[in-house]
Amino acid sequence: EDQVTQSPEALRLQEGESSSLNCSYTVSGLRGLFWYRQDPGKGPEFLFTLYSAGEEKEKERLKATLTKKESFLHITAPKPEDSATYLCAVGALGGGYNKLIFGAGTRLAVHP
Amino acid sequence: NAGVTQTPKFQVLKTGQSMTLQCAQDMNHNSMYWYRQDPGMGLRLIYYSASEGTTDKGEVPNGYNVSRLNKREFSLRLESAAPSQTSVYFCASSEKSEAFFGQGTRLTVV
């Protein structure tokens, strides 16, 4: 069964304290690993797509990496404005369409 | 650039009432989706439309119907609302890989 698990559920950091969020997955026929950011009361905002093991993408203080079984979202020297829920999703081909399977998310709080 | 627009943003329904959630995208995407988001459960797919004129069930379709009105618009209908349908509903669209989401409709059924 296709499944995505994110850890930790919640993470509290001090401003400048780097850390990583984990997304582990099992899927038959991976068609991309996606990271989204979601602010309270808003829709998910697309951050990155990774397609193959060893691939890395960066945007400001965020860097996403991918292995065959998991992805990490590394946050370097975070700022309070990085506080949000970060969602991981895997794309899989099933039922004739490109489906996205989401994890439950990691709630990140960055305190000054 | 509006992207994906959903209406309404908030709605309260009584059990048994019906309503339609509207979604429109201006990115010329073929695929459109309806998700619901509940605390601790992530986003779950209700229905999707791979292209204009086609729709199919996702993970949690019971109690919902959809209409792909044209390439831009994809609506979600609750025929007889139940408290279990209290949730935040998101519409999304995609072309080949990543999906882009609307701002959501927060629905409460009392």
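Residues numbered from 1 in each chain as written. Chains lettered and ligands numbered in written order. Predicted model: local features only at pLDDT ≥ 70, side-chain atom pairs only at ≥ 80, totals over all residues. Heavy atoms only, no water.

Student: In this structure, what is going on with the confidence of the model for chain B? I would like to understand it.
Tutor: Regions with low pLDDT carry predicted coordinates that are not meant to be interpreted in detail. Mean pLDDT over chain B works out to 94, with 99% of the residues at or above the 70 mark. The least confident element of chain B, judged by mean pLDDT, is strand β6 (residues 56-57) of chain B at 91; the most confident is strand β8 (residues 74-78) of chain B at 98. (pLDDT = per-residue confidence, 0-100. Helix = DSSP H or I, 4+ residues; strand = E, 2+ residues; numbered from the N terminus.)

Student: I would appreciate a short explanation of the sheet that holds strand β7 (residues 62-66) of chain A in the present structure.
Tutor: Adjacent strands of a sheet pair through backbone hydrogen bonds, lying either parallel or antiparallel. Residue and element names in this part refer to chain A. Strand order across the open sheet formed by five strands is β1-β3-β8-β7-β6, with antiparallel pairing between neighbours. The open sheet terminates on both sides in strands that have one partner only, identified here as β1 (3-7) and β6 (56-59). Along the sheet, successive strands turn relative to each other by an average axial angle of 15°, direction set aside. Both strand β3 (residues 19-26) and strand β8 (residues 70-75) contribute to a ladder of six bridges, which runs antiparallel. Among the inter-strand pairings, Ser20 is bridged to a residue of β8, identified as His74. (Pairing = 2+ DSSP bridges. Axes fitted to C-alpha atoms, helices over the stretch in contact; angles between N-to-C directions.)

Student: Just to check I follow, could you spell out the environment of Glu59 of chain B for this structure?
Tutor: Residue and element names in this part refer to chain B. Mapped onto the elements of the fold, Glu59 is located in the loop between β6 and β7 (64-68). According to the relative accessible area criterion, Glu59 is exposed, its value standing at 56%. With 35 residues separating them in the primary sequence, Glu59 and Ala24 have C-alpha atoms 22 Å apart. For Glu59, the contacting residues outside a window of four places in its chain are Arg44, Leu45 and Ile46. (Buried < 20%, exposed > 50% of the residue type's maximum accessible area, 1.4 Å probe, protein only. Contact = heavy atoms within 4.5 Å.)

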